[in-house]
Structure formats: C-alpha cells, structure tokens
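# Residue-level structure breakdown
Okay, here's what each chain looks like letter by letter:
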Amino acid sequence: MLGGFALFAVTVLVAVLVVIGGDPDAPVDPPGPPGTGPLTVVSLGDSTLSGEGAGDYTAETDGRDGNWCHRSPNALVHQVSLTGIVDSVNLACSGAPSGHVSLGDVEQWTEPSQAGQLRALLDEHRVAAVVIALGANDDPHFSRLISECFTSWFLDQRAPCSEKIKADWQRRLDAMAPKVRDAVGDVRQVLTDAGYERQDYELVLQSYASPIGPGIPEQWRNLNGCPFRAEDLAWVAETGTVSLSETLRAVAREADARFLDLSRAGTGHEACSGGEDASDEWFTRFTVEWDNLKDVDRASHALQESFHPNAAGHEQFARCLSEFLATDDREAACLEGEDGNLHAAASSHSLAGP
C-alpha cells in the first residue's frame with residue numbers, strides 16, 4: 001500500500017503524463033483533494049489539539065464573548081511539516097466532547113459543530129490531512145479526574161483517588177468508544193459529501209499523552225508544581241492513559257482511520273519531572289492565571305491551562321505526526337529517540353493497510 005503522500009506524488013505524475021499525451025487545451029483537475037485553494041492540514045477535537053497550555057491564544061478564543069476554545073498559534077497542527085502542505089487550520093476547541101465534533105445542532109464555548117465548520121472550510125481549502133484528538137471529555141472526563149486527584153491530595157483524604165476511579169474506568173471507556181466512532185464517521189461523511197475519495201486525504205485519530213507521572217520529585221508534589229499522591233500519578237501514567245489509548249486504537253480500526261499512539265510520548269518529560277528546571281518538560285504544571293481571578297467572567301477559567309501540553313510538547317508531537325503521515329503505516333507510536341526528540345515508531349499492533 002502506498003502512503004497517503006506517496007500516493008499523492010504518483011497521482012501528480014499520472015496527471016503530468018495525461019497532459020503530455022492528451023489535448024494540451026483540455027482543463028486538468030489538480031491531483032489529490034478536489035476543489036480549489038491551498039493544500040491544508042486540519043485539526044479537530046479538544047484541548048490537546050486546540051493548544052491549551054501552549055499560550056498566545058487568539059483573542060477571539062481567549063474569552064471574548066464567551067469563547068474559551070483557547071486556540072494557540074503554537075498548536076501542533078501549525079507545526080506539521082509535509083510536502084505539498086501550505087496551510088493549516090485549527091478547529092479544535094478546549095473541553096470539546098465527541099458531540100461537538102459530530103454534525104448536528106451542538107455548541108462548545110459559543111462555537112457550532114466542528115464537522116460543520118470543516119464543511120464550510122472545504123469551499124476554500126483542499127484538505128489533504130485531518131488529525132483528530134477526542135474522547136477524554138466524554139465519559140472518562142479525564143480532566144475532571146485529574147482535578148479530583150488534586151482535591152484528594154489537598155484534602156489529605158485517606159485513599160488515593162485512583163482507587164475510586166478504577167471501579168468503573170472500563171465502563172467509562174466502553175461508553176466513550178461509540179461516541180468517538182460516530183464523530184470520526186461524521187468527519188468522513190463531510191469529506192465524502194464534498195466529493196473527496198478515500199485516497200484524497202489522510203485521517204488520523206491520535207490518543208493522549210500523560211501530563212503527569214510517578215517520577216516527580218517529592219518536593220514538587222505540592223501547589224508549587226504538581227499536587228498529587230504518588231499512587232495517583234502512577235495510575236494516570238501507567239494505567240489510565242494506556243487503557244484510554246487502547247480503546248481509541250480499537251475505535252480507529254472500526255472507523256478506518258489511522259492511529260497515532262501518544263500514551264508514552266511524554267515519558268520523562270511530564271509536568272514537574274524536571275524539579276527546579278522545567279526547561280525539558282512538555283506539559284504545564286499547576287497553573288493559575290492570577291489576572292483572570294480579578295474578573296468575574298474569567299475567574300472560572302483561571303486554572304484552565306494546568307496539565308496540558310506546552311509549546312515544546314506541541315512541537316514534539318508535531319514532529320512525530322509529520323513523520324507518521326509521511327509513511328504508509330496504519331498505526332504508530334510516538335517514542336523518544338536517542339536524539340531526545342519524539343519519532344513515529346511503527347506499532348507492534350499495526351494492521352496491514354487496505
């Protein structure tokens with residue numbers, strides 16, 4: 001099977017040969033995606049793609065008129081490097097559940113369906129790749145669970161919060177799966193309705209990297225950095241994120257999407273893992289926007305950036321995604337290489353392509 005961009009190159013060659021051997025005055029459709037406009041990569045989903053934690057949010061998504069999607073110019077999608085791609089569009093929105101990516105009369109922070117926004121985008125862009133990160137804000141409520149574990153530490157509760165989470169974690173994952181699958185299906189339907197063939201674009205579902213891990217120095221497990229119990233840190237990194245990723249892998253297979261496993265992408269670079277030196281961390285620590293606390297309309301968002309990929313993390317994830325898209329692998333995992341950067345490693349779970 002040829003990779004998406006290898007196939008694109010072959011299509012270009014075929015088009016050139018047709019022109020050489022055919023009527024030189026006949027119009028020739030551009031190879032690849034139909035329509036007009038620049039070849040574009042698009043991101044849809046939640047905070048891990050919107051750029052929450054990466055800073056420099058666009059003014060219109062930083063609370064203006066109630067829009068808290070927090071889209072950052074440092075977000076992964078704007079750093080993807082692929083031959084032929086000249087534009088990038090970020091439709092992801094912080095806090096978005098699967099229903100906000102799906103078609104329908106839905107709203108997240110004042111914005112309509114992301115699939116609907118993609119449909120409008122196709123009038124002026126030729127979309128060559130779509131990357132989706134979705135599911136954590138459905139039944140798993142992953143961000144909320146992180147907050148509960150923080151509360152457990154703060155109140156010095158006797159049992160780790162992960163003990164309670166374990167009781168129905170698999171049930172939550174099972175309930176999430178069809179919602180993500182339906183959302184991915186709606187994205188594909190939008191492209192099909194616009195005249196896209198399956199070979200015209202790449203569709204990638206990616207999982208989540210753990211923002212915290214058990215390697216945090218003891219003196220940083222507090223309000224200065226990462227206020228969590230050691231048992232909860234271990235569960236999030238070694239069980240919660242991994243099982244979430246495996247469920248999303250199964251969804252990608254059912255939805256005929258490629259899958260990028262980020263569950264181990266942050267290992268060694270989690271929030272607070274560097275102690276006093278945070279320069280090699282790829283995630284935000286416990287973060288308070290103190291100026292937001294002065295404004296009643298912004299106060300409830302003062303902690304919104306906490307424990308999300310930072311700008312360095314987005315740069316690393318973009319490097320891995322770019323490598324993955326340039327291959328014909330159906331599945332891959334983002335792992336740190338000897339050079340200290342993330343690279344796309346063919347997954348042992350990979351299936352043969354269609």
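Now for a description of the structure that goes with this document. (Residues numbered from 1 in each chain as written. Predicted model: local features only at pLDDT ≥ 70, side-chain atom pairs only at ≥ 80, totals over all residues. Heavy atoms only, no water.)

Counting secondary structure elements, the chain contains nine helices and seven strands. Classification of the 354 residues of the chain by burial places 52% in the buried group. Restricting the contact set of the chain to residue pairs at least 6 apart, pairs at least 24 apart contribute 70%. Surface accessibility of the chain: about 15,500 Å² in total, with carbon and sulfur atoms responsible for 52%. (Helix = DSSP H or I, 4+ residues; strand = E, 2+ residues; numbered from the N terminus. Buried < 20%, exposed > 50% of the residue type's maximum accessible area, 1.4 Å probe, protein only. Contact = heavy atoms within 4.5 Å. Areas by Shrake-Rupley, 256 points an atom, 1.4 Å probe, with all protein chains shown as cover.)

The tally for this structure, following the rule as stated, stands at four disulfides. The disulfide that involves Cys69 links it to Cys93, with 2.0 Å between the sulfurs. Here Cys69 and Cys93 share a disulfide; its torsion about the S-S bond, -80°, makes the bridge left-handed. Here Cys69 is found in the loop between helix H2 (47-50) and strand S2 (87-90), whereas its partner Cys93 is found in the loop between S2 and helix H3 (98-101), with 24 residues between them in sequence. (Disulfide = S-S within 2.5 Å.)

Mapping Phe228 onto the fold places it in the loop between strand S4 (202-206) and helix H8 (230-254). C-alpha separation for the pair Phe228 and Ile212, spaced 16 residues apart in sequence, amounts to 9.2 Å. Setting aside chain neighbours within four positions, we find Phe228 in contact with Ile146, Cys149, Phe150, Trp153, Ile212, Arg221, Leu233 and Phe307.

With that out of the way, let us pick up the packing of aromatic side chains. Under the defined criterion, the tally for this structure stands at five aromatic pairs. Between the aromatic rings of Trp169 and Trp235, the centroid separation amounts to 5.3 Å while the plane-to-plane angle is 75°, which identifies the pairing as edge-to-face. One end of the pair, Trp169, is in helix H7 (residues 169-193); the other, Trp235, is in helix H8, with 66 residues separating them in the sequence. A relative accessible area of 5% places Trp169 in the buried class. Consider the rings of Phe283 and Phe317, whose centres lie 6.2 Å apart with planes at 55°: the pair is tilted. Of this pair, Phe283 sits in the loop between strand S5 (258-261) and helix H9 (311-325) while Phe317 sits in helix H9, and the two are 34 residues apart along the sequence. Assessed through its relative accessible area of 3%, Phe317 is described here as buried. In textbook terms, an aromatic cluster arises when at least three aromatic residues are bridged by ring pairs, as seen for Phe142, Trp169 and Trp235. The side chain of Arg198 reaches across the aromatic face of Tyr201, ending 5.2 Å from its centre. (Phe/Tyr/Trp six-rings, centres within 6.5 Å; stacked < 30°, edge-to-face > 60°. Lys NZ or Arg CZ within 6 Å of the ring centre and 35° of its normal.)

There is a patch of like negative charges on the surface, built from Glu276, Asp277, Asp280, Glu336, Glu338 and Asp339. Counting through the fold element by element, Glu338 comes out in the loop between strand S6 (331-336) and strand S7 (342-346). Using a relative accessible area of 91% as the deciding quantity, one classes Glu338 as exposed. (Patch = residues over 30% accessible without salt bridge, like charges linked within 9 Å, V, L, I, M, F, W, Y side chains within 5 Å. Salt bridge = Lys/Arg side-chain N within 4 Å of Asp/Glu carboxyl O. Lys, Arg positive; Asp, Glu negative; His and termini not counted. Charge placed at Lys NZ, Arg CZ, Asp CG, Glu CD.)

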